[in-house]
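Geometric and topological summary
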Amino acid sequence: MEDKNGVPKGNLGWPFIGETLDFVASGYTSRPVTFMDKRKSLYGKVFKTNILGTPIIVSTDPDVNKVVLQNHGNAFVPAYPKSIRELLGKSSILQINGNLQRRLHALLGGFLRSPQLKSRITKDIENSVKLTLSSWRHMNNLVYVQEETKKITFQILVKVLMSIGPGDDLNSLKKEFEEFIKGLICLPIKLPGTRLYKSLKAKEKMLKIVNRIVEERKLGMEMMSDHGDDDDEKSGAANDAVDVLLREYFVESNEKKSLPLDFISGNIVEMMIPGEETVPMAMTLAVKFLSDSPAALKQLMEENMEMKKQKIESCDDYTWTDYTSLSFTQNVISETLRMANIINAVWRKALKDVEIKGYLIPQGWCVLTSFTSVHMDEENYENPYHFDPWRWEKIGGGAVNNNNYTPFGGGQRLCPGLDLSRLEISIFLHHLVTTYGWVAEKDDIVHFPTVKMKKKLPITVAPIRI
């Protein structure tokens, strides 16, 4: 369904504000896709609207989404609200395109997916999870899951990115990051005292720490090079993301395409955003959904308890493949990510007229590919609002890679940390369900501006005796 010129049908709403109020209001309800569903029923799966002062085309069609995400011929570039562009800057991973974006994505994706990293980081994740869980024993009051999961994941994140352990740098980064992240969705006004101004100041403080680490590491590499240890340093597995990017800096340093050091630091800070926003929220929502589904919790506990008993008897350490081999646990994670929709959509801008499935996306228009609409569509998932990990047994593991399932985005910009994210959630769930039973207080999910629990998901825990 489209206008005569091929542009999808729809309503641009009021001047400037468009249909933003409707869009935001639906984000505060338990079913945020009502905005999309209402327009889908009026105009079809692809329609035009105006959100946050931008006329956009919204796609709730998985086939159209796939074409936009794959971006053959580089017809689309990322397009994000002004506050995000201001906060991340021009050399942001989200803003760069073409060969540099693909090169960085391949380098970081290769590192984050590598078995060497997973083997090394598994112990760190276990230690972080166990440390946080053990502190719950001494809490007389409620445990706020949303707060606690952040303690686990931030430590892992800075370890993977910069090899920072507990200490002043970790504490400073955590404090400034919490201030920085608040400005991602806000009014794009940079006057002193505004949200964006405070977030930019927090970013400056973070960059100061990261710049120092990058500089120190660069000097270390140069000294190794001067002493003839260059080949050993470069041929071994990278320890962290700083290593990965600095090696590229040295390899390319004779060419014009060398990565500047401030570019490396900026991208390290930026990589903290998806890592720190998505994983703790997925952990929290898994606890929420399991609390509401006793049958799923029982089966998850049985599967994990069996592995724990085997490990106690054999005295073997866990390997990363132990965690990822638990099939029902993986189904719980897949279903949590489908329903959570932490990454609910991506924004792209057309550099030229693009036609997909008969729909015209005109040059200069933004297109929003809605993942939530696809994940919560009865055509794709039976009874979509019901938490049903068993559906993945029927659908099969291959479904995790199809067009109807995109919790980590897709195409050229598929989240490079998705394997690591699933591993972290697997380790957290294993140790949680084999350490504690819990009762959750009633709490609601808020979907705007980002997915959060209204009361941070308070639970009361009781240790399990094996």
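The structure displayed is predicted, hence computed values, not measured ones. (Residues numbered from 1 in each chain as written. Predicted model: local features only at pLDDT ≥ 70, side-chain atom pairs only at ≥ 80, totals over all residues. Heavy atoms only, no water.)

1. Details of the packing of aromatic side chains
Centre distance and the angle of the planes are the two values used to describe a pair of aromatic rings. We count it as follows: For Phe, Tyr and Trp, rings pair up if their centres lie within 6.5 Å, where Trp contributes its six-membered ring, and each pair is then called stacked (planes under 30 degrees apart), edge-to-face (over 60) or tilted (otherwise). Secondary structure is summarised from DSSP: a helix means a run of H or I of at least four residues, a strand means a run of E of at least two, and numbering begins at the N terminus for each. Using a 1.4 Å probe on the protein chains alone, a residue whose accessible area is under 20% of its type maximum counts as buried, one over 50% counts as exposed, and one in between counts as partly exposed. As a reminder, the over-ring test applies to NZ of lysine and CZ of arginine, requiring each to be within 6 Å of the ring centre and within 35 degrees of the ring normal.
Applying the stated criterion to the full structure yields nine aromatic pairs. Measuring from ring centre to ring centre gives 5.7 Å for Trp136 and Tyr436, while their planes differ by 25°; the resulting arrangement is stacked. With a gap of 300 residues between them, Trp136 in the loop between helix H6 (115-135) and strand E4 (143-144) and Tyr436 in strand E9 (residues 436-440) connect regions that are remote in the sequence. Considering the side-chain rings of Trp392 and Tyr405, the 4.8 Å spacing of their centres and the 70° angle between planes classify their relative orientation as edge-to-face. Of the two residues, Trp392 sits in helix H17 (residues 391-395) while Tyr405 sits in the loop between H17 and helix H18 (418-433), which places them 13 residues apart along the sequence. Among the residues examined, Tyr405 registers a relative accessible area of 4% and is labelled buried. Among the aromatic side chains, those forming a connected cluster through ring pairs are Phe154, Phe177 and Phe180. Seen from the ring of Phe154, Lys174 lies directly overhead, with NZ or CZ sitting 5.9 Å from the centre.

2. Some points on the environment of Ile56
When you line up the elements, Ile56 lands in strand E2 (residues 54-59). Residues Ile56 and Leu418, spaced 362 residues apart in sequence, show a C-alpha to C-alpha distance of 28 Å.

3. Examining empty space enclosed by the protein
Note the cut-off: Think of a 1 Å grid over just the protein atoms. A cavity is a set of points where a 1.4 Å probe fits yet cannot get out, a pocket is an open set with protein on both sides within 12 Å along at least five of seven lines, and lining residues have an atom within 4 Å of a point. Grid points are joined across faces, edges and corners, and a volume is the space filled by probe spheres set on the points. Only Asp, Glu, Lys and Arg are considered charged in this grouping, and only Ala, Val, Leu, Ile, Met, Phe, Trp, Tyr, Cys and Pro are considered nonpolar; every other residue, Gly among them, is considered polar.
Counted under the stated rule, the structure contains three cavities of 30 Å³ or more. When its volume is computed, the second largest cavity comes out at roughly 100 Å³. Mapped by element, the contributors of at least two residues to the lining of the second largest cavity are helix H12 (261-291), helix H15 (327-340) and H18. Considering every element that reaches the lining of the second largest cavity, the biggest residue donor is H12, with three residues. Grouping the constituent residues of the lining of the second largest cavity by class yields nine nonpolar, four polar and no charged.

4. Examining the sheet that holds strand E8 (residues 366-370)
The test is simple: Here the rule is simple: two strands pair whenever DSSP picks up at least two bridges between them. The angle between two axes is taken between their N-to-C directions and runs from 0 to 180 degrees, where each axis is a line fitted to C-alpha atoms and a helix contributes only its stretch in contact. Residue contacts follow a heavy-atom distance rule, with two residues in contact if any of their heavy atoms lie within 4.5 Å.
Pairing within the open sheet is mixed, and its five strands lie in the order E1-E2-E8-E5-E3. Every other strand in the sheet has two partners, leaving strand E1 (46-51) and strand E3 (76-78) as the edge strands with one partner each. Each neighbouring strand pair of the sheet contributes to a mean axis angle of 35°, computed without reference to strand direction. In this sheet, E2 lies alongside E1 in antiparallel orientation, the contact comprising six bridges. Its bridge partner being in E2, Asn50 is matched across the sheet by Pro55. Set on the sheet, helix H2 (residues 34-43) makes contact with E1, E2 and E8; between it and E1 the angle comes to about 130°.

5. So, the UniProt feature "binding site: heme" (unreviewed entry) in the protein chain
Cut-off, in case you're wondering: UniProt positions are given in the numbering used here, feature names are shortened, and annotations may be inferred rather than shown by experiment.
The sites that UniProt annotates as "binding site: heme" (unreviewed entry) are Cys415. Mapping Cys415 onto the fold places it in the loop between H17 and H18.

6. So, the packing of helix H7 (residues 145-162) against helix H8 (residues 168-181)
Keep this limit in mind: To sort the angles, those under 35 degrees are grouped as roughly parallel, those over 145 as roughly antiparallel, those from 65 to 115 as roughly perpendicular, and the leftovers as oblique. Each crossing gets its handedness from the near helix: less than a right angle anticlockwise from the far helix is left-handed, clockwise is right-handed.
The interhelical angle for the contact between H7 and H8, taken along N-to-C directions, is 115°, at an axis separation of 11 Å. For the element pair H7 / H8, the angle class is roughly perpendicular. Here H7 runs over H8; the crossing is right-handed. Listed contacts from H8 to Lys150, Phe154, Gln155, Val158 and Met162 of H7 are Leu170, Leu173, Lys174 and Phe177.

7. Comments concerning the environment of Gly183
Secondary-structure assignment places Gly183 in the loop between H8 and helix H9 (195-226). Since its relative accessible area comes to 0%, Gly183 is described here as buried. Residues Gly183 and Tyr197, spaced 14 residues apart in sequence, show a C-alpha to C-alpha distance of 8.4 Å. Look past the residues within four positions of Gly183 in its chain and what remains in contact with it is Ser83, Leu87, Arg195, Leu196 and Ser199.

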